[in-house]
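Examination of the molecular architecture
So you can see what is in the structure, the chains are spelled out below.
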Amino acid sequence: MNRPNREDFTRLQSQEISRRGFWATSAAWGVAAYAVWADGTASAERREREIAAAEGDETKVWPVTCRDVMLRQTGKPDCWAAMEAFGVDGVECDVTEELKLPNLYEGDAAHGLADGDQQAKLREALRHSGRRITALCMHNRFDERPEEELEWCRKTAEAAQAMGIPAIRIDVVPRRIPREEFPAFAAEMMKKVTAATADTDVRWAIENHGNTTNDPEFLKNLFDAVGSPKLGLTLDTGNFYWFGHPLSELYGIYEMFAPRAFHTHCKSIGYPPEDRDRRRPMGYRYAEFHCPIDRGDIDFGRVLAILRKSGYSNDLCIENEALGGLTPEQVIETVSREVRLLKNLQATITRSGRFSPVARA
């Protein structure tokens, strides 16, 4: 929290205060102090926003979205009603090799991206609902079927470009190739993917998950080897914690990769205090302790500040894997809390990543 200017207090304290006027003066100090604090903070924010506007880089409001696999758990008859119940601005959509979107449903039917008619229908549904698709989600098997995967990536990127979808989440994990050979294969495969889709603006966002891409060294080496600004990260906050990184080390990892973040998965775990800041086995008691982001250990105010300072420009996508066993009403209440948290937190952070106590209050 910002404090009143120290020189103001020094000047006031140097004045002689009579015993009879002490309480009145103290009250005046409180009013003056609050005025200095509030006005100074507001003025600083105004200056910052004026500078940002002059530079053509005003503070962005990130849409708060969710994984589309969570929508059916609301019990709603279609995906649009489910999004409305959660209060999200949009979704990340699973996409099949046939460019179907199986979780973007209306009754028994689902949307797709395979041709212009399907895209026009989806575009109209998004417009009518006031929602957006911030990322597509591919579940890749690059080392099992590289040519098929490359063609799937090309088709998906073209469809995403037509729909104005900025990022595609991908898997880069070893399934068939030995782990010691996988880094070289992954680099060559990602070079092919970025080259094959060079005529689109779509960016490729590797999710950090499993036993490979949660390793910061693997990610850094991969990005360096590929050397493409179109290859980055779906920054999954919970997966780095799941991997075993101590809580105090997570924020340094987030800072390292935030400039490469093209998409996010906002997720958390609530470990007992004695387990938070130690190196844990991969996946340690995840089924027992994974939880909504407003109940977990990860400080999302700090996460959002890191993203803001890095210039991040896509969504805050909730991936809650702790909804099993809940009623539809409980699912809606849980995810709605997470949505409110992310919307409230980002409203308190300036372009430089500084918290505003006035906005927070």
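Along each chain, residues carry numbers from 1 onward, in the same order as the chain's sequence is written. Given that the model is predicted, a residue must reach a pLDDT of at least 70 before its local features are reported, and side-chain atom pairs must reach 80 or more before they are shown or counted; all residues, however, enter totals for whole chains, interfaces and linings. Side-chain figures throughout are based on the complete set of non-hydrogen atoms in the structure, without hydrogens or water.

**A few points about the nonpolar core**
Here, the term nonpolar core denotes a set of buried Ala, Val, Leu, Ile, Met, Phe, Trp, Tyr and Cys residues that are joined through side-chain atoms within 4.5 Å. Burial here depends on accessible area, computed with a 1.4 Å probe over protein chains only, as a share of the maximum for the residue type. Under 20% is buried, over 50% is exposed, and the range in between is partly exposed. With 91 residues, the main nonpolar core has Leu-104, Ile-133, Leu-136 and Met-190 as its most contacted residues. We call two residues in contact whenever any of their non-hydrogen atoms come within 4.5 Å of each other. Setting aside residues no more than four positions away along its own chain, Met-190 makes contact with Phe-142, Ile-170, Val-172, Ile-206, Leu-222, Val-226 and Leu-231.

**Here's the deal with the sheet that holds strand 7 (residues 203–207)**
Only strands joined by at least two bridges in the DSSP assignment are considered to pair. What counts as a helix is a DSSP run of H or I of at least four residues, what counts as a strand is a run of E of at least two, and both are numbered from the N terminus. Spatial ordering of the open sheet is given by 9-8-7-6-5-2-1-12, a layout of 8 strands whose pairing is parallel. Strands at the two margins of the open sheet, each flanked by one partner only, are strand 9 (261–265) and strand 12 (316–318). Taken pair by pair, the neighbouring strands of this sheet meet at an average axis angle of 30°, ignoring direction. Examined bridge by bridge, strand 1 (residues 64–67) and strand 12 share 3 bridges and lie parallel to one another. Across the sheet, the residue bridging to Cys-66 is Ile-318, located in strand 12. Each of strand 6 (167–170), strand 7 and strand 8 (231–236) is contacted by helix 6 (residues 182–196), which is oriented at about 150° to strand 7, the strand it contacts most. Axis angles are defined between N-to-C directions and span 0 to 180 degrees, where every axis is a line fitted to C-alpha atoms and, for a helix, only to the segment in contact.

**Some remarks on the state of the cysteines**
Any cysteine sulfur atom paired with another within 2.5 Å is treated as part of a disulfide. Scanning the entire structure with this criterion turns up 0 disulfides. A disulfide-free cysteine, Cys-137 has its sulfur positioned 8.9 Å from the sulfur of Cys-317, the nearest such atom. Overall, Cys-137 belongs to the buried group, its relative accessible area being 0%.

**Some details on the side chain of Glu-338**
Relative to the assigned elements, Glu-338 resides in helix 13 (residues 328–346). Side-chain atoms alone can form a polar contact between residues adjacent in sequence; in general such a contact is a pair of N or O atoms within 3.5 Å, and within protein one must be able to donate a hydrogen while the other accepts it. Among the polar contacts listed, one links the side chain of Glu-338 to the side chain of Asn-320, at a separation of 2.9 Å. Contact partners of Glu-338, with chain neighbours within four places excluded, come to Pro-292, Ile-293, Asp-294, Ile-318 and Asn-320.

**Some remarks on the packing of helix 9 (residues 247–257) against helix 12 (residues 300–310)**
Where helix 9 contacts helix 12, the two axes come as close as 9 Å, and the packing angle between them is 20°. Accordingly, the angle class assigned to the pair helix 9 and helix 12 is roughly parallel. Regarding helix 9 and helix 12, the two cross each other, and that crossing is right-handed. Taking contact as the criterion, the partners of Tyr-251, Tyr-254 and Glu-255 in helix 9 are, on helix 12, Arg-302, Val-303 and Ile-306. Asp, Glu, Lys and Arg are counted as charged, while Ala, Val, Leu, Ile, Met, Phe, Trp, Tyr, Cys and Pro are counted as nonpolar; the rest, among them Gly, fall into the polar class. A breakdown of the residues in the contact of helix 9 with helix 12 according to their chemical character gives 4 nonpolar, no polar and 2 charged. An angle below 35 degrees is treated as roughly parallel, one above 145 as roughly antiparallel, one from 65 to 115 as roughly perpendicular, and anything else as oblique. Note: crossing handedness is left-handed where the near helix turns anticlockwise from the far helix by less than a right angle, and right-handed where it turns clockwise.

**Things to note about the pairing of strand 2 (residues 90–94)**
For strand 2, the buried fraction is high: 5 of the 5 residues fall into the buried class. The side-chain alternation of strand 2 yields two buried faces, one formed by Gly-90, Glu-92 and Asp-94 and the other by Val-91 and Cys-93. Alignment of strand 1 against strand 2, held across 3 bridges, turns out to be parallel. Counterpart to Thr-65 in the pairing with strand 2 is Gly-90. A right-handed crossover is one whose linking path, passing over the helix from the first strand to the second, runs clockwise when the strands point away from the viewer. Read from strand 1 through helix 3 (residues 79–86) to strand 2, the crossover connection turns out right-handed.

**What about the packing of helix 4 (residues 116–129) against helix 5 (residues 146–163)?**
Look at helix 4 against helix 5: their axes get within 11 Å of each other, and the N-to-C directions meet at 45°. The pairing of helix 4 with helix 5 is recorded here as oblique in orientation. In this structure, the crossing between helix 4 and helix 5 has a hand that is right-handed. Judged by residue contacts, Gln-119, Leu-122, Arg-123 and Leu-126 of helix 4 engage Ala-159, Ala-162 and Met-163 from helix 5. Classifying every residue of the contact of helix 4 with helix 5 gives 5 nonpolar, 1 polar and 1 charged.

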